[in-house]
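A closer look at the structure
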Amino acid sequence: MNPEKGGALYPRISREMMRNFVNQYATVVGRVQNISGTKMTILTADNDKATVTVENFRQDIEDDTQPATVEVRGLVSGPSTIKMEDYNSFGDSSFDLDSYNQMLNYYHSQKYNSMTTN
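Here we summarise the structure given alongside this text. (Residues numbered from 1 in each chain as written. Predicted model: local features only at pLDDT ≥ 70, side-chain atom pairs only at ≥ 80, totals over all residues. Heavy atoms only, no water.)

A few points about the nonpolar core
Of all hydrophobic cores here, the largest spans 24 residues; its most connected members are Ile 13, Met 40, Ile 42 and Val 52. Counting residues per element, this core draws most heavily on strand β4 (residues 25-36), which supplies five residues. Dropping the residues within four chain positions of it, Val 52 is found in contact with Thr 38, Lys 39, Met 40, Ile 42, Val 72, Ile 82 and Met 84. (Core = buried A, V, L, I, M, F, W, Y, C linked by side-chain atoms within 4.5 Å. Buried < 20%, exposed > 50% of the residue type's maximum accessible area, 1.4 Å probe, protein only. Helix = DSSP H or I, 4+ residues; strand = E, 2+ residues; numbered from the N terminus. Contact = heavy atoms within 4.5 Å.)

Some words on unusual backbone geometry
Comment: phi is negative for the bulk of residues other than glycine, and the bulk of peptide bonds are trans. Positive phi is not limited to glycine here, since Asn 23 has a value of about 70 degrees. With respect to the helices and strands, Asn 23 occurs in the loop between β3 (12-13) and β4. Residue class for Asn 23 comes out exposed when judged on its relative accessible area of 62%. Even without being a glycine, Asn 47 presents a positive backbone phi close to 65 degrees. Position of Asn 47 among the secondary structure elements: in the loop between β5 (39-44) and β6 (49-54).

Thoughts on the pairing of strand β7 (residues 69-78)
The side chains of a regular strand alternate, first on one face of the sheet and then on the other. Among the ten residues in β7, eight count as buried, and that is most of the element. As judged from the seven bridges shared by β4 and β7, these two strands associate in the antiparallel manner. Looking across to β7, one finds that Ala 26 is bridged to Gly 74. Strand direction decides the pairing type here: β7 and strand β8 (residues 81-89), joined by eight bridges, are antiparallel. Looking across to β8, one finds that Val 76 is bridged to Ile 82. With antiparallel pairing between neighbouring strands as the criterion, β7 and β8 make up a hairpin whose turn holds two residues. (Pairing = 2+ DSSP bridges.)

Laid out in structure tokens, this is it:
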């Protein structure tokens, strides 16, 4: 997998932001809620649910991610769906999703502010 698409890294987004990133590459972090077939449901940092479509599903993904907090990189294909290209598992549920969500909000507000004040 190429970590860059169009010269930019996969931006980190919340489920709420996914609707603005349809047909773009992004990173979403959340806690695995369920894995069924080629779909994984995660509870994202903004406390919403997103569906991760896992192409070329491997058993080690399920073994590695149940239960876990995961970072998913891929193509956002809908307002709450991302096609996974790669992932990192952070292990158990000790990852602080609330702080991560605060960071996302701060980062995106600063990015927007810098674009509108120049």
